[in-house]
Each structure stands twice: as structure tokens, then as C-alpha cells.
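# Structural features, examined
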Amino acid sequence: MRRKIPNLHALRAFEAAARLGSFKLASQELLVTPTAVSHHIRRLEDSLGLPLFIRGTRKVELTERGETLMQTCSQAFDMIHKTTAEITEQHDLSVLTIGVGPSFASRWLTPRLSQFWLDFPNVELRLTRVAAEDEIAQTQADLFLMWGPQDWPDMDIYPILPVHAVPVASPDLVEKLGLPQTPEDFLNYNLLFHRNHSEWNLWLKSLGAKKPVTGGGIIMDDENVLLRSAAEGQGAALSWAPLIDEEIKNGRLIALSSHRADHIRGYYLIVNQNTPVTPKLQDVIDWFLQQGNPNPTG
């Protein structure tokens, strides 16, 4: 019997918009215009004779029937993706795409690339920038190396590198202001923040600070720029050991305190659960785990 299936382009546009919660984000993923996504979805709704989305000013939400269709479409496309990957050479790892943030890429991954190529000489490695943790759902990659912990649904998560916070500043600035002796002394420095105030406040609170920092300083998106600013005497930055160890060792930056907070931070290797883990991909995963923990115990 001939199957009665709606237009596949329309189903693909619907699934992307439903998964991402946005016609605009769906259009970016599918490399079409938002108008084209809207047209496909309207065509699908007309063919079914029912609305699939509740359209708001800034976002769209699924109707109850839209949610039902979304679950089926998502499962179907996941199965198609998994099967086609298994029967083609895509996941024979002739090409490996890794999503990674710029700071971790430059400070941890780049120094290990020569060893990676020695161990996997037939793999073409592609690095794609993922600046924020919430960009994972919009990025096509085999693996991700990301800051965490975060809430990553439908992902297999492997800890790669535990870190702890270290406040740093330039030698000239430390000579001018002195090493802080109390939490309040840190406010003598112009504090440099990465994205928001939260990490500085967590660290200062663990040191005994009574009040959070709510303003002032400079907020930057790029941690490499943040540390460059600290090294040039613009203020004190909160960075992460062991990633900052080299700058401290060569005297480019001075650690302002040896205090270690007890909240957990680190970098994680993340694999979408719908990605077929072939033996060669498992070898790559194991390689990264070994790089993060070269001397496992137990």
C-alpha cells in the first residue's frame, strides 16, 4: 500500500524549527531563509488541516499535536542519520569534526595536535568554533570539547580535564597594588570578568567575601582576550589551572592567591547519543580521555 507521507522538505523544516524553538535558527541550520521555513511549515499545516505551532512575537511553541509529530519526526530523522552514517564512509573517520571553544582549543588542544596526527595519520581533523555551551544543538560535529558541568540532554559525557580557579594579574600591577590579603583587597583591582560575574563571585564567596560583586570591571566573551588584558595590566582575571600554568611559570602573570574553591569545574568530551560510535571513533574518544588523564589510577 502506498504510504501517505507529507512533503519531506516540510517535515525537515518542521523538525528543525520544533527542535530549536525558532524559525530563524532552523533556517540557519538548513541554509535557507526564515521565510522558506515558514512557508514549508504552513504548507505542512495546510496539508494536515491543523496548526502545529503557537506563533508568538519572539518565539514559537508546539501545539499538543505538534509535540506528538515532533517526537515521531525526531526519531525518524535520527534513525535515518544513524543508518546512513553506518553504511557510508562518513564515520570511518576519514574526516573528524570537533566543536570546541577558542580558549580550550588554543591552550589545551593545539599543543596536542601533532601527537593526534601521529596516532591518526589518515584522519582529516576539522575544528569548528563553539563559543557557548548552548550552541551545541546548532552545531554539526562528531565530538565536542566543552566547559562544564552543564545540562547536556541526549549526550554521552566524559570528563576530560578538571580545573580550579586561579586569580591572576600582571607583575607590574601586583607590584603597584600588592598581593590581596582579604576578599575585600581584590576590589582594589579592576576585576575582569568572563561573560558574567558568577565565577568571580563563587570564588570570592569561598574565600569568605560577605557581598557579591554586582557591577564595575569589564566583561568579555573571549577568555583569550581576557587573559591578554590581564597580562597587559588592565586588571585581575579569574583563570583556570592547569590551563594557566605556563603563563604563571614564565612570569607573564602572577597568581594572586593559592586558595582553591571546592566547586567543580572542568572540560568534558561530549558525544551525541545518536552518533554511531564505530571502533575507530571509540579509539579517538579513548585517546582524548588518555590525554586528559595520562596517569589513571585504580
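I will try to describe carefully the structure that is included in this document. Given the structure is predicted, the values throughout are model-derived calculations rather than measurements.

## Remarks on the overall build of the protein chain
Tallying secondary structure elements over the protein chain gives eleven helices and eleven strands in all. Dimensions of the protein chain along its principal axes, counting C-alpha atoms only, are 80 × 50 × 35 Å. Expressed as a percentage of its 298 residues, the buried residues of the protein chain come to 41%. By sequence separation, contacts in the protein chain at least 24 residues apart represent 72% of the contacts at least 6 residues apart. Taken as a whole, the protein chain presents about 17300 Å² of accessible surface, with 51% of it coming from carbon and sulfur. A gap of 6 Å separates the mean positions of the 28 positive and 35 negative side-chain charges of the protein chain.

## Quick word on the pattern of salt bridges
Under the definition given, this model contains eight salt bridges. A salt bridge links Arg-107 to Glu-247, with the nearest nitrogen and oxygen atoms 2.4 Å apart. Here Arg-107 is found in helix H5 (residues 102–109), whereas its partner Glu-247 is found in helix H10 (residues 245–249), with 140 residues between them in sequence. The exposure class of Glu-247 is buried, given its relative accessible area of 14%. Its salt-bridge partner being Arg-228, residue Glu-232 comes within 2.6 Å of it at the nearest N-O pair.

## Focus on the nonpolar core
Ranked by internal contacts, the top residues of the largest apolar core, which has 45 residues, are Leu-143, Leu-145 and Phe-288. In this structure, Leu-145 is in contact with Ile-98, Gly-99, Val-100, Gly-101, Phe-104, Trp-108, Leu-109, Ile-160, Tyr-268, Leu-269 and Phe-288, ignoring residues within four places of it in sequence. Counting residues in each nonpolar core, the second largest holds 18 residues, with Ala-17, Val-37, Ile-41 and Cys-73 among its members.

## Regarding the pairing of strand S7 (residues 191–194)
In the sheet, S7 pairs with strand S9 (residues 236–241) via two bridges, with the strands oriented parallel. Within the sheet, the bridge partner assigned to Leu-191 lies in S9 and is Ala-236. Pairing between S7 and strand S8 (residues 218–220): three bridges, direction parallel. Of the residues in S8, the one forming a bridge with Leu-192 is Ile-218. Taken together, S7, helix H8 (residues 198–207) and S8 constitute a β-α-β crossover, and its handedness is right-handed.

## Details of the environment of Leu-269
Checked against the element boundaries, Leu-269 lands in strand S11 (residues 265–272). Note: C-alpha distance between Leu-269 and Gly-99 (170 residues apart in sequence) is 9.8 Å.

## Points about the packing of helix H1 (residues 8–20) against helix H2 (residues 23–30)
Across the interface, H1 lies against H2 with an axial gap of 8 Å and an inter-helix angle of 125°. When the interaxial angle is binned, H1 and H2 end up oblique. Taken as a pair, H1 and H2 cross one another with a handedness that is right-handed. Where H1 approaches H2, its residues Arg-12, Ala-13, Ala-16, Ala-17, Arg-19 and Leu-20 are matched on the opposing element by Phe-23, Leu-25, Ala-26, Glu-29 and Leu-30. Looking at side-chain class alone, the contact of H1 with H2 contains eight nonpolar, no polar and three charged residues.

## Some details on the packing of aromatic side chains
A ring pair, where both rings are aromatic, is described by two values, the distance of the centres and the angle of the planes. For the structure on display, the rule yields 16 aromatic pairs. Three or more aromatic residues link up through ring pairs in this structure, and these residues are Phe-104, Trp-108, Phe-116, Phe-120, Trp-147, Trp-240, Tyr-267, Trp-287 and Phe-288.

## Here's the deal with H1
Relative to the 18 Å expected for 13 residues at 1.5 Å per residue, H1 spans 18 Å between its end C-alpha atoms, a close match to the ideal helical length. The complete set of buried residues in H1 reads Ala-10, Leu-11, Ala-13, Phe-14, Glu-15, Ala-16, Ala-17, Ala-18 and Leu-20. For H1, the capping residue at the N-terminal end is Asn-7, with a side-chain oxygen 2.9 Å from the backbone nitrogen of His-9. One or two steps after H1, the chain reaches Gly-21, where phi turns positive at roughly 70°.

Rules of the game
Residues numbered from 1 in each chain as written. Predicted model: local features only at pLDDT ≥ 70, side-chain atom pairs only at ≥ 80, totals over all residues. Heavy atoms only, no water. Helix = DSSP H or I, 4+ residues; strand = E, 2+ residues; numbered from the N terminus. Buried < 20%, exposed > 50% of the residue type's maximum accessible area, 1.4 Å probe, protein only. Contact = heavy atoms within 4.5 Å. Areas by Shrake-Rupley, 256 points an atom, 1.4 Å probe, with all protein chains shown as cover. Lys, Arg positive; Asp, Glu negative; His and termini not counted. Charge placed at Lys NZ, Arg CZ, Asp CG, Glu CD. Salt bridge = Lys/Arg side-chain N within 4 Å of Asp/Glu carboxyl O. Core = buried A, V, L, I, M, F, W, Y, C linked by side-chain atoms within 4.5 Å. Pairing = 2+ DSSP bridges. Right-handed = clockwise from strand over helix to strand, strands pointing away. Axes fitted to C-alpha atoms, helices over the stretch in contact; angles between N-to-C directions. Parallel < 35°, antiparallel > 145°, perpendicular 65-115°, else oblique. Left-handed = near helix turned anticlockwise from the far one by under 90°. Nonpolar A, V, L, I, M, F, W, Y, C, P; charged D, E, K, R; others polar. Phe/Tyr/Trp six-rings, centres within 6.5 Å; stacked < 30°, edge-to-face > 60°. Expected span 1.5 Å × (residues − 1). Polar contact = N/O pair within 3.5 Å; in protein donor to acceptor, adjacent residues only side chain to side chain.

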